[in-house]
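Topology and contacts: notes
Below, each chain spelled out in residue letters.
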Amino acid sequence: MLPHIVFLFSLLLSTSHAAVQDFCVADLKGSDGPAGYPCKTPATVTSDDFVFAGLSAPGNITNIIGAAVTPAFVGQFPGVNGLGLSAARLDIGPGGVIPLHTHPGANELLIVTQGHITAGFISSASTVYIKTLKKGELMVFPQGLLHFQVAAGKTKAIGFAIFSSASPGLQILDFALFASNFSTPLITKTTFLDPALVKKLKGVLGGSG
Ligand SMILES: *[C@@H]1O[C@H](CO)[C@@H](O)[C@H](O)[C@H]1NC(C)=O
Ligand SMILES: *[C@@H]1O[C@H](CO)[C@@H](O)[C@H](O)[C@H]1NC(C)=O
C-alpha cells in the first residue's frame, strides 16, 4: 500500500511542477513568425504586459478617409502574443470611411459603441452582405474577405473590433493598388480600370510606377 501512496504523491508533485506555460508575452526585439514572437523572460513580466490603454483615446480622423483605425495587435500589445486574439478601435467621422480591406490572418468581430456604422463584406461567391449597425450591435467578417465600414448618419461613430489572431494583418485594397509601385499599365490590365483614373488615384494616394 505504502509504495502506491508514495507513487501517487510523487505523481501529484511532478504534475504540479510540470512546466505549464500560461503565457508568452512578446519579446518584440525578436521576430514575428507563424508561432508569434519569442517570449519575454517570465521573471520580467508585469501586470502592465497584460494591459493596453491605447484604445481609450480617439484616433485622429483628420485625414483623407475621415477615419482612424487604432490597432492593439501584438506589435502594440505584447501580452496578446500566442493567445490568438487582438483588438482595434475604429473612429469614423461623419462621412468617414474605412476603405475596402482584408485581414489575411483573422476573423473579425465588430462591436459598435457609438453612432451608426454601415458595414459589409463580399464573399468568395461575390455575394455582398451589408447591414447598418447601431450601438451595442455586432457583426462578423470572415477571415480574408474584403470588407468596409462607413459612418451612417451625421454623427461620429465608434466601434471596437476583436480579431481571432494576435497578428490579423491589414491590407487596404486602394492602398495596395494606388499607394504602391504597381505599374499603371499592369494595374490597368489586371483591374480593367481606366488609366486616367489609376493615375488620378495614384496622385491622391502617393503611388508610383
Ligand atoms: C491630426 O492629424 C492632422 C493631420 O496629420 C494634424 O494636422 C493634427 O495636428 C492631428 N491632430 C491631433 C490632435 O493630433
Ligand atoms: C517596388 O518597390 C520595392 C521597394 O523599393 C522593390 O523591392 C520592388 O521591386 C518594386 N517593385 C516594382 C514592380 O517596381
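Residues numbered from 1 in each chain as written. Chains lettered and ligands numbered in written order. Predicted model: local features only at pLDDT ≥ 70, side-chain atom pairs only at ≥ 80, totals over all residues. Heavy atoms only, no water.

**A look at the overall build of the protein**
- Helices and strands together make up the secondary structure of the protein, namely four helices and 10 strands.
- Ordered by position from N to C terminus, the α and β elements of the protein give α-β-β-β-β-β-β-β-β-β-β-α-α-α.
- Relative to the compact-globule value of 17 Å for 209 residues, the protein shows a C-alpha radius of gyration of 23 Å, a clear excess of over 25%.
- Taken over the C-alpha atoms alone, the protein extends approximately 85 × 40 × 35 Å along its principal axes.
- Counting the 209 residues in the protein, one finds 34% classified as buried.
- Excluding contacts between residues fewer than 6 apart, the proportion of contacts in the protein whose partners are at least 24 apart in sequence is 66%.
- For the protein, the exposed area adds up to about 12,100 Å²; of that, 66% sits on carbon and sulfur atoms.
- Across the protein, the mean location of the 12 positive side-chain charges is 12 Å away from that of the 10 negative side-chain charges. (Helix = DSSP H or I, 4+ residues; strand = E, 2+ residues; numbered from the N terminus. Rg over C-alpha atoms; globule rule 2.2 N^0.38 Å. Buried < 20%, exposed > 50% of the residue type's maximum accessible area, 1.4 Å probe, protein only. Contact = heavy atoms within 4.5 Å. Areas by Shrake-Rupley, 256 points an atom, 1.4 Å probe, with all protein chains shown as cover. Lys, Arg positive; Asp, Glu negative; His and termini not counted. Charge placed at Lys NZ, Arg CZ, Asp CG, Glu CD.)

**As for the domain arrangement of the protein**
- Here the protein is described as being made up of domain 1 (42-169) and domain 2 (176-205).
- Using C-alpha coordinates to define each centre, domain 1 is positioned 27 Å away from domain 2. (Domains from an automatic or database assignment.)

**Here's the deal with helix H3 (residues 184-191)**
- Considered for burial, the residues of H3 that qualify are Thr184, Ile187 and Thr188. Angularly, the buried residues of H3 cover 100° about the axis, an arc narrow enough to put them on a single face. Away from its buried face, by an angle of more than 90 degrees, H3 presents the exposed residues Pro185 and Lys189.
- Next to the buried residues of H3 lie helix H2 (173-178) and helix H4 (195-205).
- Following H3 by one or two positions, Phe192 adopts a phi angle in the positive range, close to 70°. (Arc of directions from axis to C-beta.)

**Points about the sheet that holds strand E3 (residues 97-102)**
- If you walk across this open sheet you meet the five strands as E6-E5-E8-E3-E10, and the pairing is antiparallel. The two strands at the open ends of the sheet, each matched to only one other strand, are strand E6 (128-134) and strand E10 (171-172).
- Strand direction decides the pairing type here: strand E5 (residues 116-122) and E6, joined by seven bridges, are antiparallel. Residue pairing for E6: His116 is matched across the bridge by Lys134. (Pairing = 2+ DSSP bridges.)

**A word on the side chain of Asp49**
- Tracing the backbone shows Asp49 in the loop between helix H1 (2-16) and strand E1 (67-72).
- Residue Asp49 is classed as buried on the basis of its relative accessible area of 12%.
- One polar contact links the side chain of Asp49 to the main-chain amide nitrogen of Thr46, over a distance of 2.9 Å.
- In this structure Asp49 touches Val25, Lys40, Thr44, Phe77 and Gly79, once residues within four positions along its chain are discounted. (Polar contact = N/O pair within 3.5 Å; in protein donor to acceptor, adjacent residues only side chain to side chain.)

**Some points on the pairing of strand E8 (residues 147-152)**
- Of all six residues in E8, five are buried; the element is thus mostly enclosed.
- Pairing of E3 with E8 involves three bridges; the strand directions are antiparallel. By the bridge assignment, Val97 is partnered in E8 with Val150.
- Relative to E8, E5 is paired through six bridges, and the arrangement is antiparallel. Bridged to Ala119 within E8 is Gln149.

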